There are 2 protein chains.
Amino acid sequence: MSLDIDSALQLRRNQSLTSIIRRELEQMIERGELSAGERLNENALAAKLGVSRGPIREACRGLEQSGLVNVVVNRGVFIRALDGREAAELYEIRAALYGLAGRLLAPIVTDQQVAILTGYVEEMDAAMAAGDLNSFYPGNLRFHEAIVEFGGNMRLAAECAAIHREMHLLRRRTLDMPGRMATSNDEHRAILERIAARDPAGAEAALEEHVLISRNALFGPLGHYPDA
Amino acid sequence: MSLDIDSALQLRRNQSLTSIIRRELEQMIERGELSAGERLNENALAAKLGVSRGPIREACRGLEQSGLVNVVVNRGVFIRALDGREAAELYEIRAALYGLAGRLLAPIVTDQQVAILTGYVEEMDAAMAAGDLNSFYPGNLRFHEAIVEFGGNMRLAAECAAIHREMHLLRRRTLDMPGRMATSNDEHRAILERIAARDPAGAEAALEEHVLISRNALFGPLGHYPDA
DNA sequence: CTTTTGCCGATTGTCAACAGTTTAAGATTC
DNA sequence: GAATCTTAAACTGTTGACAATCGGCAAAAG
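Below is a summary of the structure that appears in this document. (Residues numbered from 1 in each chain as written. Chains lettered and ligands numbered in written order. Predicted model: local features only at pLDDT ≥ 70, side-chain atom pairs only at ≥ 80, totals over all residues. Heavy atoms only, no water.)

1. So, the relation of the copies chain A and chain B
A rotation about an axis combined with a shift along that same axis relates the two copies of the chain.
Part 1 of the argument: With an RMSD of 0.1 Å, the fit of chain A onto chain B corresponds to turning through 180 degrees and sliding 0.0 Å along the axis. On this basis, the relationship between the two copies can be described by a two-fold rotation axis.
Part 2 of the argument: Residue by residue, 100% of the interface of chain A is reproduced at the interface of chain B, so both copies engage with the same surface. (Least-squares fit on C-alpha atoms with pLDDT ≥ 70 in both. Contact = heavy atoms within 4.5 Å.)

Structure below.
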C-alpha cells in the first residue's frame, strides 16, 4: 500500500497543475475534442478544470511552442489548423527523421527487438483480417515508436512524438482509408525485413518511402504542396 | 516623434510581454549571459525587467518546451545543460534535417540563389584570410539559414533554427577551433557546388557530411556517444 | 563526533482582482 | 433597409498577494 502512496507522491512531486493541464489539452486535441481553428476560452477552461487562469495560460504557452496552438495577442489561443502546405512540410520532415531512425537502428538491433517488432506487425495483420481499424491504429503507433526508441537517439524519439502529436491537427487521416491498411502493413513488413537484415540504407529508404506513401495517400502522388 | 510612439504601440500590439521576455531570455542564452545549469530567479528577473512574475513564468514554459531550460517543480527553472550524449543526438538530427534541406533545394534552386550562396562563401573566405572568426561565424550562419529557407520547407527552417538555438547550450563550439575554419569553408564550397549542379543526392550527402564532421571535431571521429 | 530533528528565510505554485482590448448587439442616421 | 456609430458585455494581459515547498542552519539526540 505504501507503493500507491509513493507513486502518488512521486506523481504529485513532478507534476505541477500546468503540466497536468498541458497533457490534458494535448489529449483533448488527440481525441479530436478540440477541433482545428477553435478558440479556447481561458475562463471556461479554468472553471471546467477547477483551477485559476494562471496555470492554464502557462500550459498554453507550452502548447504554442510545440505548435499545437496559435496565440493571438488580445484575442486568445486557437487550436492550430494545419493547412495542406504545412502538413506536407511536416510529412517531409517526418520522413527524414524516420529514415534516420531506421538507419540508426539497423546496425544495432537485437534479435529480441526484431521479435517485438515482428509481434506488432502480426498484431496489425490480425487487426487487418478482422477489419478492425481501431486496433490497427495503436499497433501502427507502437511499431513506429519502437523503431525510433530502439534506435537509441532519445531526442529523435521525442521529436518524432511531437510531430506525431501535431499530425492530429489534420482532419483527414491516412489510415482512415480502409484500403490503405493492407498496403501499409506490407510496407511495415518490408521495413522490418530490412532492419532484421541489419541493412541501414535499406531500412532508411523503406521508412522514408513508407511515410511519403502515407503523404501521397493524403495529397495525391504529385508531391507538390496543395494550396491551403 | 509620433513615429516612435506608433512603432512602440505597433510592437505592443503584436507582442505580449511574455513573447518579449522569451526572446530576451533566448538572446541572453545565445550570448552566453546565462550559462548552463544556472538557475533563474523569477523575482530577480521580474525586478530587473520591471514586470511581474506572471509573464516571466509563461515565457519560461515556452522555453521549456523548446528545450532551452529545465523546469523542476518547486525548485525553479534551470538553463539546460547539454551533456555529450544529447549533443551528439542533436547533431545526428541536425545532419538529417540539413541533408533534407539540400535535397529539397537542389532541384529548384535559382541562379540568383546560387549567386547569394556564393557570396556568403566568398565572405567567409575573406574572413578566413583575415583570420577574423567573429565575421566568419555570422557568414556561416547565414549560409546555412539560406539553404534551408531557399529549400521552401518553412517548417524545416523553423526546426533547424530551433536546433541551432539549442546548440548554444554547449560550451565548446566547433568553429572556435581556428583550424576548422578552412576545412569548413571547403565543405561549404562542396555543398554549393552540388547544389549549383542541381544534384539532390549529392547536396544531401555533402550537407550531412558537413554536419557530422562538425560533430566529430567536438567528440572525436568515432561517432559514439561520449558519456556525460 | 556524527546524525537527526525542528525551525526560518527564500522561492515557487496558485489564486483573485484590476486594467485594457476586442467583440457584438443595439441605436442612430442616411 | 443598409451602413455607421455607440455602448456594454466578455475576454485577455498583467499584477500583487497568499499558500505551499525547499534548502540550509542550529540545536538536540545518539
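There is more to say, and it comes next.
2. Focus: the pairing of strand β2 (residues 69-72) of chain B
Put simply, side chains in a regular strand alternate between the two faces of the sheet.
Residues and elements named next belong to chain B.
Part 1 of the argument: In the sheet, β2 pairs with strand β3 (residues 76-79) via 4 bridges, with the strands oriented antiparallel. Counterpart to valine 72 in the pairing with β3 is glycine 76.
Part 2 of the argument: The hairpin formed by β2 and β3 contains 3 residues between the paired strands, and asparagine 74 there has a positive phi angle of roughly 65 degrees. (Pairing = 2+ DSSP bridges. Helix = DSSP H or I, 4+ residues; strand = E, 2+ residues; numbered from the N terminus.)

3. Overview of the pattern of salt bridges
Opposite charge on two side chains permits them to pair, given that their charged atoms come into close proximity.
Part 1 of the argument: Within the structure shown, the criterion is met by 44 salt bridges over all chains.
Part 2 of the argument: Linking glutamate 92 of chain A and arginine 215 of chain A is a salt bridge whose minimum nitrogen-to-oxygen distance equals 3.8 Å. One end of the pair, glutamate 92 of chain A, is in helix α5 (residues 84-105); the other, arginine 215 of chain A, is in helix α10 (residues 200-219), and 123 residues separate them in sequence.
Part 3 of the argument: The class for glutamate 92 of chain A is buried, based on a relative accessible area of 11%.
Part 4 of the argument: The residue arginine 103 of chain B makes a salt bridge to glutamate 204 of chain B at a minimum N-O spacing of 3.1 Å. Highlighted residues: arginine 103 of chain B in helix α5 (residues 84-105) and glutamate 204 of chain B in helix α10 (residues 200-219), separated in sequence by 101 residues.
Part 5 of the argument: You can call glutamate 204 of chain B buried: its relative accessible area is 15%.
Part 6 of the argument: If you follow the salt bridges from partner to partner, you end up with Glu42, Arg53, Arg57 and Arg61 of chain A together with Glu58 of chain B in one network. (Salt bridge = Lys/Arg side-chain N within 4 Å of Asp/Glu carboxyl O. Buried < 20%, exposed > 50% of the residue type's maximum accessible area, 1.4 Å probe, protein only.)

4. Regarding the packing of α5 of chain B against helix α8 (residues 154-167) of chain B
Residues and elements named next belong to chain B.
Part 1 of the argument: The contact between α5 and α8 brings their axes to 10 Å, and the two run at 150 degrees. With respect to α8, the axis of α5 lies roughly antiparallel. Seen along the crossing, α5 lies across α8 with a hand that is left-handed. Across from Leu90, Tyr91, Ile93, Arg94, Leu97, Tyr98, Leu100, Ala101 and Leu104 in α5, the residues of α8 making contact are Leu156, Glu159, Cys160, Ile163, His164, Glu166 and Met167.
Part 2 of the argument: In terms of residue class, the contact of α5 with α8 is built from 12 nonpolar, 1 polar and 3 charged. (Axes fitted to C-alpha atoms, helices over the stretch in contact; angles between N-to-C directions. Parallel < 35°, antiparallel > 145°, perpendicular 65-115°, else oblique. Left-handed = near helix turned anticlockwise from the far one by under 90°. Nonpolar A, V, L, I, M, F, W, Y, C, P; charged D, E, K, R; others polar.)

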